[in-house]
Amino acid sequence: MSNMMRDSQIMAQSKDENLGYMSDMALELAQMAEDTGLATLAYLFRMAALEASTANSELAEPDNLSHQITSH
């Protein structure tokens, strides 16, 4: 049983790292798009970064997700 718990912790940590990386990458792409005059694309990348960072915080609080889904 402890192996399963350890594996789930490793998977959760991996998801956190991946979402953090995706958020950082989206922000970098947004900056690049803005620098080249593509404001709409920059906006979309910023929204993607926001989604990734929000998903990251929701994974940290799993009970919070069920409340958000039912509240809409």
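Heads up: the structure comes first, above all this text.
The shown structure was predicted, so the numbers you read here are calculated from the model rather than taken from an experiment. (Residues numbered from 1 in each chain as written. Predicted model: local features only at pLDDT ≥ 70, side-chain atom pairs only at ≥ 80, totals over all residues. Heavy atoms only, no water.)

Moving on to the overall build of the protein. The number of helices and strands found in the protein is 3 helices and 0 strands. Looking at the 72 residues of the protein, the share that counts as buried comes to 12%. Surface accessibility of the protein: about 5,800 Å² in total, with carbon and sulfur atoms responsible for 61%. (Helix = DSSP H or I, 4+ residues; strand = E, 2+ residues; numbered from the N terminus. Buried < 20%, exposed > 50% of the residue type's maximum accessible area, 1.4 Å probe, protein only. Areas by Shrake-Rupley, 256 points an atom, 1.4 Å probe, with all protein chains shown as cover.)

Mapped onto the fold, Glu 51 is located in helix α2 (residues 39-60). With a relative accessible area of 57%, Glu 51 lands in the exposed category. When the C-alpha atoms of Glu 51 and Ser 23 are compared, they prove to be 7.9 Å apart, with 28 residues separating the residues in sequence.

Time to look at helix α1 (residues 2-35). Given 3.6 residues per helical turn, the α-helix brings residues three or four places apart onto the same face. In this model, α1 (34 residues) spans 50 Å end to end at C-alpha, consistent with the 50 Å of a helix rising 1.5 Å per residue. For α1, the set of buried residues is Leu 19, Ser 23, Ala 26, Ala 30 and Ala 33. One or two residues past the end of α1 sits Gly 37, with phi positive at roughly 85 degrees. (Expected span 1.5 Å × (residues − 1).)

Read these as geometric descriptors, not functional statements.
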